[in-house]
Amino acid sequence: ILGEKSVNPPTATTRRRRPQFQFTFRLSCKRQRDRSGTMIGSRFGLAVAAIALGSVHAFAPPSAFATRTAAVRSNTQIAVETNDNENVAQTENTSRDKVMTFAYDMSDDLKYEKPTYPGTGNGLSGDSGEYDVIVIGSGMGGLACGAVSAKYGDKVLVLESHIKCGGSAHTFSRMHNGGKYSFEVGPSIFEGLDRASLNPLRMIFDLLDEQMPVKTYTGLGYWTPTGYWRFPIGSQTKFEDLLMAQAEDGPLAVKEWNMLRKRLKTLGGSTTAVSLLNLRQDVGFLATTAGSLPFVLTHPDVFLDLPLTFDSLHKTVDTIVTVPFLRNFIDTMCIFCGFPAKGAMTAHMLYILERFFEESACYSVPIGGTCELGNTLVRGLEKFGGKIQLNAHVNEIIVEDGRAVGVRLKNGKIVKAKKAVVSNATPFDTIKMLGTEQELPQEVTKWREELGKLPRHGAIVHLFIAIDAKDLDLSHIEDPAHLVVQDWGRSLQDSQNLCSFFIPSLLDDTLCPEGKHVIHVYSSGGEPYEPWEKLTPGSEEYEAYKEKRAEVLWEAVERCIPDVRERVEFSIIGSPLAHEAFLRRDRGTYGMAWAAGSSAPQAGLLGAGLPFPFPNLKTPIDGLLRCGDSCFPGIGTPSAAASGVICANTMNPVGKHLEILKEASQRDPMYKFLDPGILGNVYKPLVQGFTPSPELNVKSVANSEQESSA
């Protein structure tokens, strides 16, 4: 995760300087609002590990702003010349069947200078040194990569530009009238963190032998055009009762739901045959996933369904599901990955189909806030000798002779990496760190161009509310997490149509003073950035636009708490500019947006035979890898963490990987399947000489060091 980058000096015609500023509060007395002031972690692509099963045997409304030319990429069009207004135009009258993505050419000069926020740090900390592995960014992927790499025995340094770790999974606090109020800024819906489960994030915690206290709940509230209803997790019977009560044709909806589960049952069953923690991106995965062989032999149809894993879910849904209510529900379950069923990988639904209806299934609220996700991983990192430096912004990844050998910090200090540099930044931020002055391998030109033009999701608008809960009756809701849909006929990617609100203080009383509540409301990731980038934070125009775009978020909470505005202690609107600055994501993007159905650029060998919608975690630069939600298995807190583990596995010999899998399998009976056992040992001698893979260049570096010592 990165902060501001060094850019060419602004010119009078291209960039306007913005003043440094801080968030301002809208303070109001209870019962008298002053208007003058200023999701899904539980979803993850676990079952996408089905690829390993097959591979065991077959490895092979804004004003018209000034525009600039930008390149836009779609799945059928590598680059289409357009202008920034097209990103905005698609959001003005959205339709349900349209898939929205946003795109920019990262090689273009910035038109406007990015605002800076003192609350994010100045990025000037950090010391020189030498490590085996340097991880840039402390999001879930970066921390998981760092912690597991440290467990492998590597000397690890995680560099974070922000003053807090965790990326989107962090918490901020504000003092008001002597009381402390803490707010979530990112993911809020987590399943499987309360116990040993197939959630890769929980698996990582257990692998590191770290605990994170949580409280649980068993439903997700829906506020829709037809009223309120609740999705009950942990009960197939209760869900079928919901379909009978709410669907246009209850019996048909139940029938079609069970038909969909039956159609995807084999792929869903693969979640207990091999996990994301078994994966690595080299020939070594033949050994680490060999334990899935019995499942493959007893379920040969998994080979036929393998392409379906990565294909768009809507292709399957459209052949089975006709009842509108059920189709709407499926779309909302997918939207946390950024797309509805049209555009979402089938794998995104597999875990829900298989696990959300087990009796033990429930959602979790981390006690102390979602920042505890990052804090737990940091404890694991430090337990095994790793180190994290906050407020340490990376300006440049240093490349020598085609290999990443370290980083240059914003304060000018250089940190060396003997083994690898891993970027947990978005692909858009990663390419900026390579600069324009270094001599880079020839292949980097195409790689940088393609990654810089990848489609992405839009930005997010946030609303943080602290309220007085005196005499507040919330008996009509059972859960802290809620989705609000304005119109089923509009796109669920539309930031003015779909939003979520989360009241964690219903379960965690450490987040605010007694008798109060904190609420985080956030739009879907489809907010266009262009109307915001020309505005000056703190100006009347900017504040008015914030109020305008956040009005739908206020209205969403009013569905549940009609007098919420009268109860306000204070509120904060977070714009895409603030989202970009605080979460270190270019243009405040929700994430990369390559719609399922075809292979993304730089997908590697997988993209040649399967519709693999992610760029490779490896790069044309030896010793430079990537992790995070722009890599397989995609958006979502557990998925991002899993990408970090896959990266750590890839950097280490297959023998060490097998040892870690065996250790993890002994943590809980649930994890027994992680150990490939005797089958892994059969493949091990055949592949161990090829791991880590040659492009990491680890062995040659070690040999040169030995020769130098001699």
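Above this text sits the structure in question.
Now for a description of the structure that goes with this document. (Residues numbered from 1 in each chain as written. Predicted model: local features only at pLDDT ≥ 70, side-chain atom pairs only at ≥ 80, totals over all residues. Heavy atoms only, no water.)

Before going further, it helps to examine the packing of aromatic side chains. Evaluated as defined, the whole model comprises 27 aromatic pairs. Among the aromatic side chains, those forming a connected cluster through ring pairs are Tyr217, Tyr222, Trp229, Phe231, Phe239, Trp257, Phe325, Phe329, Tyr351, Phe356, Phe357 and Tyr363. Positioned above the aromatic ring of tyrosine 131 is the side chain of lysine 155, whose terminal nitrogen or guanidinium carbon lies 5.0 Å from the ring centre. Taking NZ or CZ as reference, arginine 587 lies 4.3 Å from the ring centre of tyrosine 104, over its face. (Phe/Tyr/Trp six-rings, centres within 6.5 Å; stacked < 30°, edge-to-face > 60°. Lys NZ or Arg CZ within 6 Å of the ring centre and 35° of its normal.)

For the rest of this paragraph, the subject is helix α24 (residues 677-687). All buried positions along α24 are accounted for by Gly680, Tyr683 and Val687. The arc enclosing the buried residues of α24, seen along the axis, measures out at 75°, which places them on a common side. In this structure, α24 carries Ile678, Val682 and Pro685 as exposed residues pointing more than 90 degrees from its buried face. (Buried < 20%, exposed > 50% of the residue type's maximum accessible area, 1.4 Å probe, protein only. Helix = DSSP H or I, 4+ residues; strand = E, 2+ residues; numbered from the N terminus. Arc of directions from axis to C-beta.)

As for its placement among the helices and strands, tryptophan 223 is situated in strand β10 (residues 219-224). Taking relative accessible area as the criterion, tryptophan 223 reaches 7% and is therefore assigned buried. Between the alpha carbons of tryptophan 223 and serine 500 there is a distance of 9.7 Å; along the sequence they are 277 residues apart. The residues touching tryptophan 223, leaving out its near neighbours within four places in the chain, are Tyr228, His476, Ile477, His482, Leu483, Val484, Val485, Phe501, Arg559 and Cys560. Within the local environment of tryptophan 223, its side chain forms a polar contact with the side chain of histidine 482, the two groups lying 3.1 Å apart. (Contact = heavy atoms within 4.5 Å. Polar contact = N/O pair within 3.5 Å; in protein donor to acceptor, adjacent residues only side chain to side chain.)

Before going further, it helps to spend a moment on the pairing of strand β21 (residues 568-574). Of all the 7 residues making up β21, 7 are buried; the element is thus mostly covered by neighbouring parts of the structure. Sheet topology note: the strand β17 (residues 462-468)/β21 ladder contains 6 bridges and is antiparallel. Within β21, the residue paired with leucine 463 across the bridge is isoleucine 573. (Pairing = 2+ DSSP bridges.)

The next thing to look at is the nonpolar core. With 149 residues, the main nonpolar core has Phe231, Trp257, Phe329 and Ile330 as its most contacted residues. Residue contributions to this core peak at 8 residues, all from helix α3 (residues 140-152). For this core, the domains that each give at least three residues are domain 1 (129-167 + 368-453 + 591-696) and domain 2 (176-188 + 457-588). In this structure phenylalanine 329 touches Tyr222, Trp229, Phe231, Phe239 and Trp257, once residues within four positions along its chain are discounted. Listed in part, the 36 residues of the second largest apolar core include Trp223, Ile467, Tyr529 and Ile573. (Core = buried A, V, L, I, M, F, W, Y, C linked by side-chain atoms within 4.5 Å. Domains from an automatic or database assignment.)

Moving on: the side chain of arginine 230. With respect to the secondary-structure elements, arginine 230 resides in strand β11 (residues 227-232). Residue arginine 230 is classed as buried on the basis of its relative accessible area, which comes to 18%. A polar atom in the side chain of arginine 230 sits 3.1 Å from the side chain of threonine 218. Only 2.6 Å separates the side chain of arginine 230 from the side chain of aspartate 479, close enough to count as a polar contact. The contacts of arginine 230, once residues within four sequence positions are left out, are Thr218, Gly219, Leu220, Leu242, Glu478 and Asp479.

Side chains that carry opposite charge are capable of pairing whenever their charged atoms lie near each other. For the coordinates displayed, the defined rule picks out 34 salt bridges. A salt bridge links aspartate 479 to arginine 230, with the shortest nitrogen-to-oxygen separation between them at 2.6 Å. With aspartate 479 in the loop between β17 and β18 (481-485) and arginine 230 in strand β11, this pair connects stretches of sequence that are 249 residues apart. (Salt bridge = Lys/Arg side-chain N within 4 Å of Asp/Glu carboxyl O.)

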